[in-house]
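As a plain string of letters, each chain reads:
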Amino acid sequence: MAPRLDFSNWWTKDTQKGTPVVVKMENPNFSVVEINGADAAFRPVEKSRGKNAKQVTWVLLLRAHRAVGCVTWLATVLWALLGAIKKRLIHGEVLAFEVVAYLQGWHFGNPTNLHIPRTSDFEGLLHLAYVAWLTFRAEYIAPPIQALSKFCVVLFLIQSVDRMLLCLGCFWIKYRKVKPKIDGDPLEIDDVEGSASNYPMVLVQIPMCNEREVYEQSISAVCQIDWPRDRLLIQVLDDSDDESIQWLIKTEVSKWSQKGINIIYRHRLIRTGYKAGNLNSAMSCDYVKDYEFVAIFDADFQPNPDFLKQTVPHFKDNPELGLVQARWSFVNKDENLLTRLQNINLCFHFEVEQQVNGVFLNFFGFNGTAGVWRIKALEESGGWLERTTVEDMDIAVRAHLNGWKFIFLNDVKVPCEVPESYEAYRKQQHRWHSGPMQLFRLCLPAIVRSKVSPWKKANLILLFFLLRKLILPFYSFTLFCIILPLTMFVPEAELPLWVICYVPVFMSLLNILPAPKSFPFIVPYLLFENTMSVTKFNAMVSGLFQLGSSYEWVVTKKAGRSSESDLLAAAEREAKSIEQQKIHRGASDSDLIESHQFKEHKEAAPAPVKKTNKIYKKELTLAFLLLTASVRSLLSAQGVHFYFLLFQGVTFLLVGLDLIGEQMS
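Note that this is a predicted model, so its numbers are computed, not measured. (Residues numbered from 1 in each chain as written. Predicted model: local features only at pLDDT ≥ 70, side-chain atom pairs only at ≥ 80, totals over all residues. Heavy atoms only, no water.)

1. Some thoughts on the UniProt feature "transmembrane region" (unreviewed entry) in the protein chain
Residues annotated in UniProt with the feature "transmembrane region" (unreviewed entry) correspond here to residues 460–489, 495–513 and 641–660. Within the segment residues 495–513, helix and strand shares are 84% and 0% respectively, and the terminal C-alpha atoms sit 28 Å apart. Secondary structure across residues 641–660 divides into 80% helix and 0% strand, with the first and last C-alpha atoms of the span separated by 25 Å. (UniProt positions renumbered as here; feature names shortened; annotations may be inferred. Helix = DSSP H or I, 4+ residues; strand = E, 2+ residues; numbered from the N terminus.)

Written out as C-alpha cells, the structure reads:
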C-alpha cells in the first residue's frame, strides 16, 4: 500500500468540487477526463476522502526533471564559456580587460563606423591602443631619437674627416720620407772610456710598483745601455708595498752596482701621488742638478743598448726641443686575440697620430715612458703634478704652452708588453680616458690665458681634448650601442645603411693600415672597439664630472714576457755567470748568504693561478638589448642591421662573461 503523505499545502489553498465525466469509445486506446479547472486534478482532496499517492509521485518526477534540465543547461553554458576563454587566450586576448570594460559601462558603436575589425569589440580596442601607440611614438619618441642620432652622425663624420686628414698626413710623410735627422755625428766616440766629453749627463729613471714579473728584465736592459758610465745615473724608483718584492729589487740593483753600473735604489715611505709623486720625489734629489736630460722607462720596457745614442743627439743645437719620444713595440702582440686588437690601435696611435702631430705641430701627448726630457723643460713647466692620473699628458700640455717643442722618432722602438687579460686592459683604458677629462677641466683656463697662437689654442681645445678624448667615446657608445638598437623598435628614426656599414668599415681599414698583418682581424676589431666604448664612455663621464672612479690608479698587470733577443742575451749572461763562479771561488760568507737568500725569495714567488671569470653587468645589459634588437630586425627583414646587431650583441656577451684574453690572475 502506498505511503500516505500530505503535500496539499504546497500547491493550493482552496478546495473546489466538480463532477467528473467519463467518455468511453469503442476500441479505446485512451481515455479523456474533463475536469473543471486547470488544477483540479492536483488540488488537495478533503480529509474525509483521503490522499492520492500516484499524483504526488508524478509531481516529484516533474520537478526532478526540471532540476536536471537546469543543471544540464548551466553545465553547457559553463563549458561554452570556458571554450571561449581558451580561444581568447590562444589568440592573445585578455578577457579581464573585457570584463572590466563591461563593469565600467564602456559601450562601443558599430565597428564599421570606427574602422575596427569585426572580430570583436576587444580586438577593436586593441587596434585603437595600437594606433594610439603609433601616433605617440611618431610624435614624441621618434623626434628626440632622430635629433640625437643626427647629432651623433655629424660628430661621427667630423671625427672621420679628422682620421682621414691624419692618414693623408702620414702618407705624405712616407712619400716625402720626412723624419727628424741628425746632422753629422754629434757624439765623438772615443775608445778610451771617460774621454767622451760630448756625451751629456743623462739620468735614467725606472718607476715601478710591485712589479715582480718584470723588474729584472727592465733593470737589466737599462743597465746595458751604451753610454759612458761616468755620465749616466740610473734611479730605480720602487713604490712596492710588498717587502719580498722590495728585497728582490734591492738584490738586483746591488748585483749591477757590483758590476760597476752607477745605479741607485730609492723607496718612498709615504706613497702619495702614484707615479707622479714617485717621479717628483726623485727629481728633488740634490745630485739631479748635475744632469741635463732624464730618460724614463716603465718597469716592463726593455730599451736597446743604443737608445740614448739615437735620441739624445736630437737635443744638440736645438735649444727649443723639450722632449724626444720613441715608439713602442710589443713582445706579446700575438699572444691572443686581445693583444692583436690592442696592437692595431697602438700602431695607428704611434705611426699616424704621434708622427703626424710631431711633424706638423711639434706637439703630441707624452706617452709616459720611452722618452727623453730636457730637465730644464720639466722645471720651467712646473714639474710632475699629482692632480690627475695622466701626469704624462699634463706635463706635455704645460710644456707646450711654455713654448717647448717635441720630436717623435718612429724608427726608434722600445719593446714592452700590452695587457693580456681583459680586466687589466679595461682598468688601463679607464685611466687613460678619465684622466684627460680631468686635465681638460684643470687646463682650460690656462690654455685660454696662455700666450700661444690662436691656432695652437684651437688645436688643444677642439682637436686634442674635445674631438679625440671626449667626442670619440661619446658618439661611439651613443650611436652604435644605444640609438641603433632603439631604431629597431622606432622605425621612424632608422639609421641609413652608410652610417652603420660603409663609413665604419672604411675607418677600420684606415686604422688597420699601420699594421697590415692584422687585416684578417678587421671585423673583430670593429666590434671590439664598439664594445670598449662602454668603458671609455664611463671613464670620460667620471673624469669630466669628477666622479670617484676618475681617481683610481691600478698598476697594469704584466706577464713578464721577453723578446727573443732578450732570451738569447739572458742565456749568454747565465753562461758568463757560471764561468765567473768557477773563477771567483773566494767569495765572502756574506755574499754567499745573500745569494742563498735571493734564490729563496725567487723560489717563494707565487705561481700564476687560474682565476674565475668576472661578470661585467653593463656589457651583459647591452648584449641583451642588442640581441633583442637583432631579433626585431630579423622579423622586419632588415639584413645588414640584423647581422651587425647580432655580431655586436655576441661580442658584448663574450666580453661581459670575460671570455676574451688570458684568464690568469
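2. Regarding the nonpolar core
Within the largest apolar cluster, 89 residues are counted, with the highest numbers of intra-cluster contacts made by Ile219, Leu308, Trp373 and Trp384. It is strand β9 (residues 405–416) that contributes the most residues to this core, seven residues altogether. For this core, the domains that each give at least three residues are domain 2 (122–179 + 421–560 + 612–664) and domain 3 (202–420). Within the second largest apolar cluster, 44 residues are counted, among which are Ile471, Met488, Val499 and Ala623. (Core = buried A, V, L, I, M, F, W, Y, C linked by side-chain atoms within 4.5 Å. Buried < 20%, exposed > 50% of the residue type's maximum accessible area, 1.4 Å probe, protein only. Domains from an automatic or database assignment.)

3. Quick word on the sheet that holds strand β3 (residues 202–208)
Spatially, β5-β4-β3-β6-β8-β7-β9 is the arrangement adopted by the seven strands of the open sheet, whose pairing is mixed. Among the strands making up the open sheet, the edge pair consists of β5 (263–267) and β9. Adjacent strand axes in the sheet meet at a mean angle of 20°, parallel and antiparallel pairs treated alike. Judged from the four bridges that link them, β3 and strand β6 (residues 293–296) form a sheet pairing that is parallel. For Val202, the partnering residue across the bridge sits in β6 and is Phe293. Of the strands in this sheet, β3, β4 (232–238) and β5 are in contact with helix α7 (residues 243–258), which crosses β5 at around 165°. (Pairing = 2+ DSSP bridges. Axes fitted to C-alpha atoms, helices over the stretch in contact; angles between N-to-C directions. Contact = heavy atoms within 4.5 Å.)

4. Looking at the confidence of the model for the protein chain
Here the protein chain averages 82 in pLDDT, and 76% of its residues register 70 or above. Across residues 30–35, where pLDDT falls below 50, the model places seven contacts with residues more than four positions away in sequence or in other chains. Low pLDDT, under 50, characterises residues 45–51; the predicted model gives this stretch seven contacts beyond four residues in sequence or across chains. (pLDDT = per-residue confidence, 0-100.)

5. Thoughts on unusual backbone geometry
Excluding glycine, a negative phi dihedral is what most residues carry, and trans is how most peptide bonds are arranged. The backbone of Asn362 shows a phi angle near 55°, a positive value even though the residue is not glycine. Checked against the element boundaries, Asn362 lands in the loop between α10 (337–360) and β8 (371–374). Phi is positive for Asp658, which is not a glycine, with a value near 60°. Secondary-structure assignment places Asp658 in the segment after α20 (639–656).

6. A short note on the packing of aromatic side chains
Pairs of aromatic rings are described using the distance from one ring centre to the other and the angle between the two planes. This structure, assessed with the given rule, holds 26 aromatic pairs. An angle of 65° between the planes, with centres 6.4 Å apart, marks the rings of Phe151 and Phe474 as edge-to-face. Pair noted here: Phe151 is in helix α5 (residues 121–176) and Phe474 is in helix α14 (residues 454–487), with a separation of 323 residues, a long-range link. Residue Phe474 is classed as partly exposed on the basis of its relative accessible area, which comes to 21%. Relative to Phe406, the ring of Phe364 has its centre 5.6 Å away and its plane inclined at 65°; by these criteria the two rings are edge-to-face. Taken as a pair, Phe364 in the loop between α10 and β8 and Phe406 in strand β9 lie far apart in primary sequence, 42 residues in all. (Phe/Tyr/Trp six-rings, centres within 6.5 Å; stacked < 30°, edge-to-face > 60°.)

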